Amino acid sequence: MNMVRYGFWFLVFPGFAFSALIGMLASWADRKLAARIQYRQGPPLLQPFWDLRKLLSKEAVIPRSASRSLFLLSPLLGLAGATVAASMLGVAAFWPGKSFVGDLIVLLYFLLFPGLSLMLGGLASRNPIAALGAAREMKLIFSYEPALLAAISVVLVKTRGELSLSNIVSWQALHGPVALSLSGGLALLLALFAVQAKLSAVPFDLAEAETELASGVLIEYSGFLLGIFRLTRMIMLYLMPAFLVILFLGGIGPGPVGILLGLLKFFALLAAFILIRSLSPRLRTDQAIKLFWKGGLGLGLVALALALWGW
Amino acid sequence: MKSAAKALKKSAWVFPFFSGSCNNCNIEILDCLTPRFDLERFGVLLVGNARHADAILVAGVLNKKGVPRLKRIYQQVPKPCLVIAVGACALSQGIFSGSYAISELPVDRVVPVDIYIPGCPPKPEAIMAGLLKALENSGTKVPRTVRKK
Ligand code: SF4
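Residues numbered from 1 in each chain as written. Chains lettered and ligands numbered in written order. Predicted model: local features only at pLDDT ≥ 70, side-chain atom pairs only at ≥ 80, totals over all residues. Heavy atoms only, no water.

A. Highlighting the overall build of chain B. Within chain B, the secondary structure is distributed over 6 helices and 6 strands. Across chain B, helices and strands are ordered from the amino to the carboxyl terminus as α-β-α-β-β-α-β-α-α-β-α-β. Against the 2.2 N^0.38 benchmark of 15 Å for 149 residues, chain B shows a C-alpha radius of gyration of 15 Å, consistent with a compact globule. Referenced to the eigenvectors of the C-alpha coordinate spread, the extents of chain B come out at roughly 45 × 40 × 25 Å. Expressed as a percentage of its 149 residues, the buried residues of chain B come to 51%. Excluding contacts between residues fewer than 6 apart, the proportion of contacts in chain B whose partners are at least 24 apart in sequence is 84%. When the accessible surface of chain B is split by element, carbon and sulfur atoms take 55% of a total near 7300 Å². (Helix = DSSP H or I, 4+ residues; strand = E, 2+ residues; numbered from the N terminus. Rg over C-alpha atoms; globule rule 2.2 N^0.38 Å. Buried < 20%, exposed > 50% of the residue type's maximum accessible area, 1.4 Å probe, protein only. Contact = heavy atoms within 4.5 Å. Areas by Shrake-Rupley, 256 points an atom, 1.4 Å probe, with all protein chains shown as cover.)

Now the structure itself:
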């Protein structure tokens, strides 16, 4: 019985099917809003679906020099990680009693998978440009992860060390969202930028760099393998704002009003993400590292100090 | 299989190949992405990587160095792949005809061309119309194989 339930969680409801669907919608919103900002019409609603469908039907080329199994496996690794993270987040949001203590930490590990899989896939293709992209991705991971962790530890300090997502949500239901305090607001701002880097979106898209690396880590991927990477990114595009909503904005509350409010919070964060994406130019690698290690970590420590002070 | 053919029409990612053009055709191709024309309405994206492409837009006359590169890029694109020749140069060598630097081969002797868009340079409307027509008529048979390069 438990197996069936876990399978359902993983494959259908908060897991694969659900998150893929919401991810496609989020990806459409992303492209549409970015197009409207540029005063363009933008793609139709079903565009992400058609993109994936096309990629599934195209030929997938495996370069002769690539290390075959890793090249084929790494997109799956990323997708699996994102799906597990989506199931855990969904279970914590919809069935608070079913999550376990410490799921926040496990979730953080699984959220790392998509970035790692990009890096592995790029290196496995043995393309020099992909290797350059993978090196950049690695540096990026090393710079945004500490900043993200600093932002999340502010939440932990605020909630007196709650390590389970559902307890964080219920704490916020009693005491009000973390983001409403000074330290929480600063931490949310920092987390927004870290998420931007985690999704490798524009100010931090240096691992893919359309213009100089010709999509870098993904350069040798085509067909359904590329499709899996795109799908993973769509799922992450839904996952990261939802994660921040749960951590900083009190999650989706009970009752229809709460759910409506939760959706509003989600869209607000998604819109913030899209705005940052379409209004900023790309940073160089050294600039991105400096931004996160100096500005990001500095801001995180200030927020942490404020949180310990009780602000 | 039917939805696969439809998906190709709905989401064509285009790789621009600019050989020895005078740069005007390139500008007109980029014009198609501007707010006035906005090719993304039809799901068309410009990509910088042949492996992600569904169609190659060839602009400009093929010069001697361009021929092997165009061939190679055509081989790198996962099939099915459309080729669209843009501008008088790509069609019939245009104003560069007779130059010492260009190859004798026109574009359609190097790679199979699906549609020709004449003009010097063609208007963005013409490029869009041609691209959409090529997509409209693209073959319904979509091979589904994993190929070793
Ligand atoms: S067709 Fe005309 S505009 Fe286009 S590249 Fe040739 S000369 Fe330039």
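B. Inspection of the overall build of chain A at higher detail. Of regular secondary structure, chain A possesses 12 helices and 1 strand. Along the chain direction, N to C, the helices and strands of chain A fall in the order α-α-α-β-α-α-α-α-α-α-α-α-α. Restricting to contacts in chain A with at least 6 residues of sequence separation, those with at least 24 account for 79%. A gap of 3 Å separates the mean positions of the 25 positive and 13 negative side-chain charges of chain A. (Lys, Arg positive; Asp, Glu negative; His and termini not counted. Charge placed at Lys NZ, Arg CZ, Asp CG, Glu CD.)

C. Seen up close, the environment of Lys290(A). Following the sequence through the fold, Lys290(A) ends up in helix α12 (residues 285-309). Here the alpha-carbon distance between Lys290(A) and Thr83(A), two residues 207 residues apart in the chain, equals 32 Å.

D. The arrangement of the site of the ligand in detail. Residue and element names in this part refer to chain B. Taken together, Ser-21, Cys-22, Asn-24, Cys-25, Gly-87, Ala-88, Cys-89, Ile-95, Gly-119, Cys-120 and Pro-121 form the complete shell of residues around the ligand. For the shell around the ligand, the elements supplying multiple residues, two or more each, are α2 (24-31) and α4 (87-92). Looking at the shell around the ligand residue by residue, the classes come out as 7 nonpolar, 4 polar and no charged. (Near = heavy atom within 4 Å. Nonpolar A, V, L, I, M, F, W, Y, C, P; charged D, E, K, R; others polar.)

E. Expanded view of the interface of chain A and chain B. Facing 36 residues of chain A, the contacting portion of chain B comprises 35 residues. On the chain A side of the contact with chain B, Trp50(A), Lys58(A) and Glu59(A) bury the most area, a combined 23% of that side's loss. Seen at the junction of chain A and chain B, the total is 6 salt bridges. Close ionic contact of Arg51(B) with Glu220(A) constitutes a salt bridge, the shortest N to O distance being 2.8 Å. Linking chain A with chain B are 18 residue pairs in polar contact (both at pLDDT 80 or more). Elements supplying a minimum of two residues to the side of chain A that touches chain B: α2 (16-37), α3 (47-57), β1 (60-62) and α10 (223-248) of chain A. With 8 residues, the single largest contributor to the side of chain A that touches chain B is α3(A). Considered class by class, the residues forming the side of chain A that touches chain B number 17 nonpolar, 7 polar and 12 charged. (Buried area = accessible area lost by both parts, 1.4 Å probe. Salt bridge = Lys/Arg side-chain N within 4 Å of Asp/Glu carboxyl O. Polar contact = N/O pair within 3.5 Å; in protein donor to acceptor, adjacent residues only side chain to side chain.)

F. View of the packing of aromatic side chains. Per the counting criterion, the structure on display carries 9 aromatic pairs over all chains. Aromatic side chains Phe204(A) and Phe292(A) sit 5.0 Å apart centroid to centroid with 40 degrees between the ring planes, which places their arrangement in the tilted category. Note that Phe204(A) is positioned in the loop between α8 (182-198) and α9 (210-213) and Phe292(A) in helix α12, a separation of 88 residues in sequence. Taken individually, Phe204(A) and Phe292(A) each receive the classification buried, so the pair is uniform in this respect. Among the aromatic residues, ring-to-ring pairing joins Phe13(A), Phe18(A), Tyr238(A), Phe266(A) and Phe267(A) into one connected group. Lys54(A) extends its terminal NZ or CZ atom over the ring of Trp13(B), reaching a point 3.5 Å from the ring centre. Against the face of Tyr74(B) rests Lys79(B), its NZ or CZ located 4.7 Å from the ring centre. (Phe/Tyr/Trp six-rings, centres within 6.5 Å; stacked < 30°, edge-to-face > 60°. Lys NZ or Arg CZ within 6 Å of the ring centre and 35° of its normal.)

G. Representation of the environment of Ala268(A) in the model. Residue and element names in this part refer to chain A. You can see Ala-268 is positioned in helix α11 (residues 255-279). You can call Ala-268 partly exposed: its relative accessible area is 46%. Separated by 27 residues in sequence, Ala-268 and Pro-241 have C-alpha atoms that sit 8.9 Å apart.

H. Fine view of α2(A). Helix length check: α2(A), at 22 residues, gives a terminal C-alpha distance of 31 Å against a target of 32 Å (1.5 Å per residue), a fit within 8%. The inward-facing, buried residues of α2(A) contact α3, α4 (68-94), α10 and α11 of chain A together with β2 (45-46) of chain B. (Expected span 1.5 Å × (residues − 1).)

I. Local environment of the pairing of strand β4 (residues 82-86) of chain B. Residue and element names in this part refer to chain B. The element β4 is largely enclosed, with a buried count of 5 among its 5 residues. Where strand β3 (residues 55-59) lies against β4, 5 bridges are found, and the strand directions are parallel. When the sheet's bridge partners are listed, Ile-56 is paired in β4 with Val-83. Assessed by its sense of winding, the connection that carries the chain from β3 through helix α3 (residues 66-76) to β4 is right-handed. (Pairing = 2+ DSSP bridges. Right-handed = clockwise from strand over helix to strand, strands pointing away.)

J. Molecular detail of α4(A). Taking 1.5 Å of rise per residue, 27 residues should cover 39 Å, and α4(A) covers 40 Å from first to last C-alpha, within 8% of that figure. Along its length, α4(A) reaches its greatest deviation from straightness, about 30 degrees, at Ser74(A), and the proline Pro75(A) lies no more than four positions downstream. (Bend = angle between axes of the 7 residues up to and from the residue.)

K. How the structure looks around the environment of Pro35(B). Looking at where Pro35(B) falls in the secondary structure, it is placed in the loop between α2 and β2. Looking at Pro35(B), the relative accessible area reads 42%, which means it is partly exposed.

L. Broad picture of the sheet that holds β3(B). Residue and element names in this part refer to chain B. Pairing in this open sheet of 5 strands is parallel, and the strands run β2-β1-β3-β4-β5 from one edge to the other. A single partner strand is all that each edge strand has here, and the edge strands are β2 and β5 (115-117). Taken together, the 3 bridges between β4 and β5 define a ladder with parallel strand orientation. From the neighbouring strand, Ile-84 faces β5, where its bridge partner is Ile-115. The strands that helix α6 (residues 124-136) touches are β1 (13-18), β4 and β5; relative to β5, the one it contacts most, it runs at about 175 degrees. (Axes fitted to C-alpha atoms, helices over the stretch in contact; angles between N-to-C directions.)

By themselves, these figures tell us nothing about what the structure is for.
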